[in-house]
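# Coordinates in review
These are the residues of each chain, in order.
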Amino acid sequence: METLAVQNDAVQQGTVHKVRSVRAVGTRAVLAELSGTQDVLALQALLLETPLPGQQDILAAAETVLVKADSPASARRIAARLLQLDLTAPAQRGGELVVIDTVYDGEDLAEVGQLTGLGAEGVIAAHSGQVWTVAFAGFAPGFGYMVGENQQLEVPRRSSPRTAVPAGSVALAGNYSAVYPRRSPGGWQLIGRTNARMWDLDREQPALAAPGHRVQFRPVRDAVALVGESAAESVAEPAAESAAGPAPEAATEISGSMPEPAVKQGITAGLRIVSPGVQSLVQDLGRHGHSGLGVSAAGALDRASLRRANRLVGNAPSAAAIETVAGGLKVQAAGDQVLAVAGAPSELSIESAPDGTGETWHRTAPMASPFALLDGETLSVGAPQSGFRSYLAVRGGVGVSPVLGSRSTDTMSGIGPAPLTAGQLLAAGGEAESGVVGHPELQPDYPGTGVTVLDVVPGPRADWFGQAALDSFTGQDWEVKPQSNRVGMRLEGRPLQRTRQGELPSEGTVAGALQIPPEGLPVLFLADHPITGGYPVIAVVVDSQLDLAAQVPIGGKIRFRWAESSTIEHNTTEKEVSN
């Protein structure tokens, strides 16, 4: 096994400001390690102004910048190019200036005054008397980590996090300041409040303070009404944070209500939800390119099955469909519809509308084949015979309103349509590409009661683990725990021991990453994962097998195997290249 950790000799000699090293994060992303916040801001500015060939998205964090590529070949070229970039010129601080009116009456203001030795009035003067720069996005959309012009206000987070921090709270932790965009648990020190809407999807730029923006906090004495606290959504903040600031962990999960269903008004034809089953969501191929706003891609977990279902009914591959878990979904046709179900093989039973005497008829439909559901007929999706997730496509696509270019539900951030509920009527949209439906298709085998083998490549922090832990990682069967969801799959097995203590500064991560929290049990990130994390990533599932991973059911077994391109010897954990 070999991890990519390409180091830059010029940085080691301290002659210029350059990327210190580059580490692979799976096969389609690389992590540039830098010497500090100023270099992070400089690299971020360079990549935003002049994207590298094949660059799809970037995500700055405390000491790193994650670059996602359109292919493995592009990722390798980007890694080499990053080492050549000159970051000596200081990052330009000419970003848009955002002024945030702030009432400085936070519950922790006096304590922060004691911790810094400035007193309450001194804290207010220091916080409002400098211009802050948004360095990177945080655990929730609109949560920007802001760095100041000095270190006067460096304070630890609270030893006991609050269960509820009001929306609009102005806070400090480590060297950062931030404004909570919505009501959430949190452990930052609260020094004030504002009614500024930090995240508003009705704006062209949803984030009031995006990476690169400058922020000036302006003290005001008048009462400030907090942002729609009664209507605010709740989001879980990470339970653990690194010394460099909060680091979203795999345990993060949405708690509280999702937005109201984003459905069109006056719908007369489509699909009515009779029962959503365990969970049914609207998903397409996701919203990519918004990591800088704190938004993950989301989208169908089994992308191949979504594409197959859409292909069968003549839709565009990225059309929105219904992703349902473990069976139980029932839908009724409002008007004649053409449907197809792909993914986990299940019994598809259809009940007709009652005739004049109240009688109904029953028939079945095949998987992975288009069929008609006539007006008033009801389709029931049975429990999967194998696999876990099924995809129901309707000709024209599910017609809900897009958010940031996608119709997908993001269970982590609460963006997109709410989970489907009984009685809801979904319109069929205009995403049909073909005048004809597709032919029945063969489906792959899906995970059952046996062990599913997933190929992995070494993660960017595989060197946090010794040979014994690496052998244990691939030498045992991991069981999928019931706490798993679209954010991540929690695995049960023999815990893995690290060779390094402490936590990482928050850094970008990807779907397929296997984080190892302190208890030593892996969490496999899926599509709704937090965009950053502070636990070491030991390995990353190869992109082509993420669909298979998403079909492993609760209680199923997984065994990880190093991909063939990796060597099996851990004694070559780093590859050094000199400029």
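The rules behind these values
Residues numbered from 1 in each chain as written. Predicted model: local features only at pLDDT ≥ 70, side-chain atom pairs only at ≥ 80, totals over all residues. Heavy atoms only, no water. Helix = DSSP H or I, 4+ residues; strand = E, 2+ residues; numbered from the N terminus. Buried < 20%, exposed > 50% of the residue type's maximum accessible area, 1.4 Å probe, protein only. Contact = heavy atoms within 4.5 Å. Areas by Shrake-Rupley, 256 points an atom, 1.4 Å probe, with all protein chains shown as cover. Salt bridge = Lys/Arg side-chain N within 4 Å of Asp/Glu carboxyl O. Phe/Tyr/Trp six-rings, centres within 6.5 Å; stacked < 30°, edge-to-face > 60°. Pairing = 2+ DSSP bridges. Axes fitted to C-alpha atoms, helices over the stretch in contact; angles between N-to-C directions. pLDDT = per-residue confidence, 0-100. Parallel < 35°, antiparallel > 145°, perpendicular 65-115°, else oblique. Core = buried A, V, L, I, M, F, W, Y, C linked by side-chain atoms within 4.5 Å.

Our next topic: the overall build of the protein chain. Secondary structure assignment for the protein chain yields eight helices and 36 strands. A burial count over the protein chain gives 57% of its 579 residues as buried. A fraction of 75% describes how many contacts in the protein chain between residues 6 or more apart in sequence connect residues 24 or more apart. Counting only carbon and sulfur atoms, one obtains 50% of the accessible surface of the protein chain, whose full area is about 22700 Å².

With that out of the way, let us pick up the pattern of salt bridges. Opposite charge on two side chains lets them pair, provided their charged atoms get close. Inspection of every chain in the model, using the stated rule, returns 22 salt bridges. Note that arginine 193 is salt-bridged to aspartate 105, the shortest N-O span being 2.8 Å. Highlighted residues: arginine 193 in strand β13 (residues 189-193) and aspartate 105 in the loop between β6 (97-102) and α4 (109-116), separated in sequence by 88 residues. On the accessibility criterion, aspartate 105 (39% relative accessible area) is partly exposed. One salt bridge connects glutamate 441 with arginine 311, and the closest N-O pair in it is separated by 2.8 Å.

Okay, the packing of aromatic side chains next. Under the definition given, this model contains nine aromatic pairs. Ring centres of phenylalanine 136 and tyrosine 145 lie 4.5 Å apart, and the angle between their planes is 20°; on these two criteria the pair is classed as stacked. Under the relative-accessibility criterion, phenylalanine 136 is labelled buried at 3%. Look at tyrosine 145 and you get buried, because its relative accessible area is 0%.

Once that is clear, we can look at the pairing of strand β14 (residues 214-219). Of the pairings in the sheet, the one linking β6 to β14 comprises six bridges and is parallel in character. In the sheet register, leucine 97 faces β14, and the bridge partner there is arginine 214. Both strand β7 (residues 132-137) and β14 contribute to a ladder of two bridges, which runs antiparallel. By the bridge assignment for β14, threonine 133 is matched with arginine 214.

On to the sheet that holds strand β27 (residues 425-427). If you walk across this open sheet you meet the six strands as β23-β22-β25-β20-β17-β27, and the pairing is antiparallel. The outermost strands of the open sheet, each flanked by one partner alone, are β23 (362-365) and β27. The sheet shows a mean angle of 30° between the axes of neighbouring strands, taken without regard to direction. Taken together, the four bridges between strand β22 (residues 348-351) and strand β25 (residues 378-381) define a ladder with antiparallel strand orientation. Its bridge partner lying in β25, isoleucine 350 is registered against leucine 379.

What you see with β25 is no split at all: Thr378 and Ser380 on one side and Leu379 and Val381 on the other are buried throughout. Relative to β25, strand β20 (residues 329-334) runs antiparallel, the two being bridged by three bridges. Bridge pairing in β25 places valine 331 opposite leucine 379.

In the predicted model, the protein chain carries a mean pLDDT of 86, and 86% of its residues have values of at least 70. Overall, residues 566-579 carries pLDDT values under 50, and its contacts beyond four positions in sequence, including any with other chains, amount to 37 contacts.

Quick look at the packing of α4 against helix α5 (residues 119-128) now. Between two packed helices, the angle of one axis relative to the other and the distance separating the axes together describe the packing. Where α4 meets α5, the axes come as close as 7 Å, and the angle between the chain directions of the two elements is 90°. What the angle tells us is that α4 and α5 run roughly perpendicular. When α4 is examined against α5, the residues Leu109, Val112, Gly113 and Thr116 are found in contact with a partner set consisting of Gly119, Ala120, Val123 and Ile124.

Moving on, we get to helix α6 (residues 303-313). Burial in α6 covers these residues: Ser305, Leu306, Arg308, Ala309, Asn310, Leu312 and Val313. Those residues of α6 that are buried are in contact with β18 (279-283), β19 (321-325), β21 (337-343) and β26 (389-394). Positioned one or two residues after α6, glycine 314 has a phi angle of 85°, which is positive.

The tendency in soluble globular proteins is for nonpolar side chains to be buried as a group. Counting 41 residues, the largest nonpolar core has Phe473, Leu514, Ile538 and Phe560 as the members making the most contacts within it. A total of four residues in this core trace back to one element, the largest contributor, which is α6. Leaving out residues up to four positions away in the same chain, phenylalanine 473 has contacts with Val456, Trp478, Leu496, Leu514, Ile538, Ala539, Phe560 and Trp562. Counting 39 residues, the second-largest nonpolar core is a separate cluster that includes Leu52, Val67, Ala69 and Phe139.

Let us now look at the sheet that holds β7. Sheet strands line up and pair through hydrogen bonds in the backbone, either parallel or antiparallel. As summarised here, the arrangement of the seven strands in space is β6-β14-β7-β8-β11-β10-β13, forming an open sheet in which the pairing is mixed. The open sheet has two free edges, formed respectively by β6 and β13, since each of these has just one partner strand. With direction set aside, neighbouring strand axes in the sheet form an average angle of 35°. Here two bridges tie strand β8 (residues 144-147) to strand β11 (residues 176-179), and the two strands are oriented antiparallel to one another. Each bridged residue has a counterpart across the sheet, and for valine 147 the counterpart in β11 is tyrosine 176.

What follows is about the environment of tryptophan 562. Tracing the backbone shows tryptophan 562 in strand β36 (residues 557-562). Using a relative accessible area of 16% as the deciding quantity, one classes tryptophan 562 as buried. Distance in space between the C-alpha atoms of tryptophan 562 and valine 456 is 5.1 Å, their sequence separation being 106 residues.

We note that alanine 298 has phi near 55°; this positive angle belongs to a residue other than glycine. You can see alanine 298 is positioned in the loop between β18 and α6. In the Ramachandran plot, alanine 326 falls in the positive-phi region, its phi being about 65° despite a non-glycine side chain. Mapping alanine 326 onto the fold places it in the loop between β19 and β20.

Next up on the list: helix α7 (residues 467-474). All buried positions along α7 are accounted for by Ala469, Leu470, Ser472, Phe473 and Thr474. For α7, the secondary structure elements touched by its buried residues are β28 (451-458), β29 (478-480), β32 (513-515), β35 (537-541) and β36.

Moving on, we come to the environment of isoleucine 191. One can find isoleucine 191 in strand β13. You can call isoleucine 191 buried: its relative accessible area is 0%. For isoleucine 191 and valine 112, which are 79 residues apart along the polypeptide, the C-alpha to C-alpha distance reads 7.8 Å. When sequence neighbours within four positions are dropped, the list of residues in contact with isoleucine 191 reads Val103, Tyr104, Asp105, Gly106, Leu109, Val112, Val123, His127, Val170 and Leu172.

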